[in-house]
Amino acid sequence: MGGGRRWPLKLVVKGASSPVRLAVGIAVAGLAWNASHRPAVAADSSFSSSREKISSAVDGVIRSSRAIYTIAFVVVDYKYSLRSLPPGSSDYRMKVSEVHLRSAKRFLKLCEANKGFYVKAGQFVSSLRQVPKEYTSILSSLQDQAIPCHFKDIEDVIASNLGKDLSEIFLAFDEQPIAAASIAQVHHGLLKNNQEVAVKVQYPGLEQKMKIDITTMAILSKSVSQIFPDYRFDRIIEEFERAMALELDFIQEAKNSERAARYFRSNKIVRIPGVFWDLTTNQVLTMQFCSGHKVDDVEFMRDSNINPREVAKSLMDIFAQMIFVHGFVHGDPHPGNILVSREGCTGFSIVLLDHGIYRELDERFRLDYCELWKALILLDSKKIQLLGEKFGVGKYSKYFPVIFTGRTMESKSALGTQLSNEEKRLLKQELRSLKMDDISAFMECLPSDFFSILRTDGLLRSILGKLGAPRHVRLLAYAKYALYGLETHQNLDHGLTASSVLCAFRANMSYFWLRILLEFLTFISQIEDARRSLANKLKRILHKVVRFFCQSPLFLV
């Protein structure tokens, strides 16, 4: 699937004079798309199918109407509030922040009312660091929770997919789900051989809903772009559609989990549930049951004598390995998909769930991205600019250090520390010159692999913040595995060989020297800070002494 360009929308939507009529057009377009891509069915089964389609279309009209009204209010608010204000002025910046906040709250209400894919869309946007902070902060409150589906419907999905009743497969099956989200719910079960399993069951009719909702989002995105040419959201819609299509394919999710498990088979901290293939289809996924608490449950960790910072370090090692070495990246690492369990030789293990959204990185991109991080750590401006040209972002490459490491290209601050006040002032001054057109152009230039990594990195940063981990934990993990990634060229399935051991040794030595260099640079920076601080103190003391003598009666005489 790709971005909505093949859907027969123009004839349907043309001439729509009200939000409701436009919503009906969108729903019909979704139905037409679905019908044109689905094989014919027997007439005797068409009645219930027709009822479901009509119900889905009516529900689609309601959801689309809400979306259209919300977008209309947001567009009017931006147009009215920012009229006659010169872009770049302090009044403009203050007012646009207020409108961003109001609009984000409206979108939050829309997502909560429409549920399903709208909640997913809101979460998707909140994880993108490129959108205004007002949107990320407000939409990050969205929880991917849903009212559980009726158990009879879940039974029907399992029976139609596995060809057996529950009693023929399970000794016990909990009717109450242990988790319910936007597209599926998970039940605990006990197989006939006493094996505990988690059964993930997809809600019926989701494919139809997705077509209508994505169609709505695509049309509204294009409409907003026509009114505000600087705001272009096509790329976000395309990436979101790709992610949702992957999430609906449980067979692919099972394959992804097994591949990830192969890559981490020698890692004693990572646990990935095994798949029961004879009980898995496109809509039903049966996995080994793994218990644990969400990765941001700091209270549980403290009660269990687990150091949250150690968990943060292990988590970053896992994902840095995915990005820089494996080139096979989990695309949805929010706290609900990562559990911490009290077990293992280190006192805890990290359980990775929900392997539906993965990005397989292009090998050339993976190596260039490794080079980029090496250059970012060393602040090699020439190399960063060269790689920026390779990634197609051109002049925007100078913002890579800010996006990834929190430093500017000219920064003298030590790695992992805050920018100095002077650096913050200069950065703010430069960012003020950026227009929305620059941000849209930057996002459109990014390779799709880059876009996916930015989202994953944003989610990981949020988790690290909740665990109270210092900033350098992420930076050093990325630096370490970027060097590993340059040494290892996808010899991942061959186990321990002389070649892989040599690569690991070289990477470790490179990392060792890099750490020494970074520690030395940090030490020099600290000396410079201490010297500057001492000089300032001496100036203040000297100033006080001079003022004292100037005010002294002896001096006045």
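In this text the structure is predicted, and so the values were computed from the model without any measurement. (Residues numbered from 1 in each chain as written. Predicted model: local features only at pLDDT ≥ 70, side-chain atom pairs only at ≥ 80, totals over all residues. Heavy atoms only, no water.)

Enquirer: So what exactly am I meant to see when it comes to the overall build of the chain here?
Expert: Secondary structure summary: the chain contains 22 helices and 11 strands in total. Looking at the chain residue by residue over its 557 residues, the buried ones come to 49%. Counting every atom, the chain has about 28400 Å² of accessible surface; 57% of that belongs to carbon and sulfur. (Helix = DSSP H or I, 4+ residues; strand = E, 2+ residues; numbered from the N terminus. Buried < 20%, exposed > 50% of the residue type's maximum accessible area, 1.4 Å probe, protein only. Areas by Shrake-Rupley, 256 points an atom, 1.4 Å probe, with all protein chains shown as cover.)

Enquirer: What exactly am I supposed to notice about the packing of helix α14 (residues 363–378) against helix α19 (residues 448–467) here?
Expert: A pair of packed helices is captured by two measures, namely the crossing angle of their axes and the spacing between those axes. Where α14 meets α19, the closest approach of the two axes is 11 Å, and the angle between their N-to-C directions is 55°. By the angle between their axes, α14 is oblique relative to α19. In this structure, α14 meets α19 at a crossing whose hand is right-handed. Between α14 and α19, the residues in contact are Phe 365, Tyr 369 and Leu 372 and Asp 449, Phe 450 and Ile 453, respectively. Its residues assigned to classes, the contact of α14 with α19 comprises 5 nonpolar, no polar and 1 charged. (Axes fitted to C-alpha atoms, helices over the stretch in contact; angles between N-to-C directions. Parallel < 35°, antiparallel > 145°, perpendicular 65-115°, else oblique. Left-handed = near helix turned anticlockwise from the far one by under 90°. Contact = heavy atoms within 4.5 Å. Nonpolar A, V, L, I, M, F, W, Y, C, P; charged D, E, K, R; others polar.)

Enquirer: Got a minute to help me understand a nonpolar patch on the surface in this structure?
Expert: Nonpolar side chains collect at one region of the surface, where Leu 534, Leu 538, Ile 541 and Val 545 lie side by side and expose about 360 Å² of accessible area between them. Owing to a relative accessible area of 37%, Val 545 belongs among the partly exposed residues under this scheme. (Patch = residues over 30% accessible without salt bridge, like charges linked within 9 Å, V, L, I, M, F, W, Y side chains within 5 Å. Salt bridge = Lys/Arg side-chain N within 4 Å of Asp/Glu carboxyl O.)

Enquirer: Would you explain the nonpolar core in this entry?
Expert: Nonpolar side chains in soluble globular proteins tend to end up buried together. Within the largest apolar cluster, 68 residues are counted, with the highest numbers of intra-cluster contacts made by Tyr 78, Ile 158 and Phe 170. Beyond its immediate sequence surroundings of up to four residues, Ile 158 is in contact with Gly 163, Lys 164, Leu 166, Phe 173, Val 201 and Val 284. (Core = buried A, V, L, I, M, F, W, Y, C linked by side-chain atoms within 4.5 Å.)

Enquirer: Explanation requested: the pairing of strand β3 (residues 184–191) in the structure shown.
Expert: In regular strands, side chains alternate between the two faces of the sheet. Where burial is concerned, most of β3 is hidden: 7 out of the 8 residues are buried. Note: strand β1 (residues 170–173) against β3, 3 bridges, orientation antiparallel. Its bridge partner being in β3, Phe 170 is matched across the sheet by Leu 191. One ladder, built from 2 bridges, connects strand β2 (residues 179–180) with β3; its direction is antiparallel. Residue pairing in the sheet places Ala 180 in a bridge with Gln 185 of β3. Hairpin connection, β2 to β3: the antiparallel pair is bridged by 3 residues. Here 7 bridges tie β3 to strand β4 (residues 196–202), and the two strands are oriented antiparallel to one another. Bridge pairing in β4 places Leu 190 opposite Glu 196. Between the end of β3 and the start of β4, which pair antiparallel, lie 4 residues, with Asn 194 showing a positive phi angle near 70°. (Pairing = 2+ DSSP bridges.)

Enquirer: I would appreciate a short explanation of a positive patch on the surface in the present structure.
Expert: There is a patch of like positive charges on the surface, built from Lys 537, Arg 540, Lys 544 and Arg 547. Mapped onto the fold, Lys 537 is located in helix α21 (residues 498–551). (Lys, Arg positive; Asp, Glu negative; His and termini not counted. Charge placed at Lys NZ, Arg CZ, Asp CG, Glu CD.)

Enquirer: Looking at this structure, how should I read the sheet that holds strand β10 (residues 349–352)?
Expert: By definition, the strands of a sheet pair up through backbone hydrogen bonds, in either a parallel or an antiparallel sense. Strand order in the open sheet formed by 4 strands is β5-β10-β9-β7, with mixed pairing between adjacent strands. The strands lining the two open edges of the sheet, one partner per strand, are β5 (270–271) and β7 (293–294). In this structure, strand β9 (residues 338–341) lies alongside β10, joined through 4 bridges in antiparallel fashion. When the sheet's bridge partners are listed, Ile 338 is paired in β10 with Leu 352. This element, helix α13 (residues 308–326), spans β5, β9 and β10 of the sheet and lies at about 45° to β10.

Enquirer: Teacher, can you tell me more about helix α7 (residues 151–162) here?
Expert: A turn of α-helix holds 3.6 residues, and therefore any two residues three or four places apart point the same way. With 12 residues, α7 extends 16 Å from end C-alpha to end C-alpha; this agrees with the ideal 16 Å at 1.5 Å per step. Turning to α7, its buried residues are Phe 151, Ile 154, Val 157, Ile 158 and Leu 162. One side of α7 holds all its buried residues, which, seen down the axis, span an arc of 120°. Facing away from the buried side of α7, by more than 90 degrees, are the exposed residues Lys 152 and Ser 160. Buried-residue contacts for α7 involve α8 (166–169), β1, β3, β4 and β6 (284–288). Following α7 by one or two positions, Gly 163 adopts a phi angle in the positive range, close to 75°. (Expected span 1.5 Å × (residues − 1). Arc of directions from axis to C-beta.)

Enquirer: Sorry, what's going on with a negative patch on the surface here?
Expert: Taken together, the side chains of Glu 155, Asp 165, Glu 168, Asp 174 and Glu 175 present a region of like negative charge at the surface. Along the polypeptide, Asp 174 turns up in the loop between β1 and β2.

Enquirer: Sorry, what's going on with the pattern of salt bridges here?
Expert: Enumeration according to the criterion identifies 23 salt bridges in this entry. The salt bridge involving Lys 95 is made with Glu 98; its shortest N-O contact spans 3.4 Å. With Lys 95 and Glu 98 both in helix α4 (residues 90–114), this residue pair falls 3 residues apart, about one helical turn. A network of salt bridges, in which partner residues are shared, links Glu 239, Arg 242, Arg 359 and Asp 449.

Enquirer: Got a minute to help me understand the environment of Gln 321 in this structure?
Expert: By secondary structure assignment, the location of Gln 321 is in helix α13. Classification of Gln 321 as buried rests on a relative accessible area of 18%. Counting along the chain gives 57 residues from Gln 321 to Phe 264, while the straight-line C-alpha distance between them is 9.4 Å. Excluding anything up to four places from it in sequence, Gln 321 contacts Phe 264, Asn 267, His 326 and Tyr 481.

Enquirer: Hey, could you run me through the environment of Tyr 263 in this one?
Expert: Turning to its location among the elements, Tyr 263 is positioned in helix α11 (residues 250–263). Sequence separation of Tyr 263 and Gln 321 is 58 residues, and the distance between their C-alpha atoms is 9.4 Å. Among the polar contacts made by the side chain of Tyr 263, one reaches the side chain of Arg 259 at a distance of 3.0 Å. (Polar contact = N/O pair within 3.5 Å; in protein donor to acceptor, adjacent residues only side chain to side chain.)

Enquirer: Sorry, what's going on with the confidence of the model for the chain here?
Expert: Note that predicted coordinates carrying low pLDDT should not be read in detail. Considering every residue of the chain, the mean pLDDT works out to 80; 76% of them sit at 70 or more. The model gives residues 1–17 a pLDDT under 50, and that stretch makes 30 contacts with residues more than four places away or in other chains. Across residues 19–47, confidence stays below pLDDT 50; counting only partners more than four residues off in sequence or on other chains, it has 41 contacts. (pLDDT = per-residue confidence, 0-100.)

Enquirer: Just to check I follow, could you spell out the environment of Gly 392 for this structure?
Expert: Of note, Gly 392 is situated in the loop between α15 (381–391) and α16 (400–405). The exposure class of Gly 392 is partly exposed, given its relative accessible area of 39%. Considered as a pair, Gly 392 and Pro 447 are 55 residues apart in the sequence and their alpha carbons are 7.6 Å apart.

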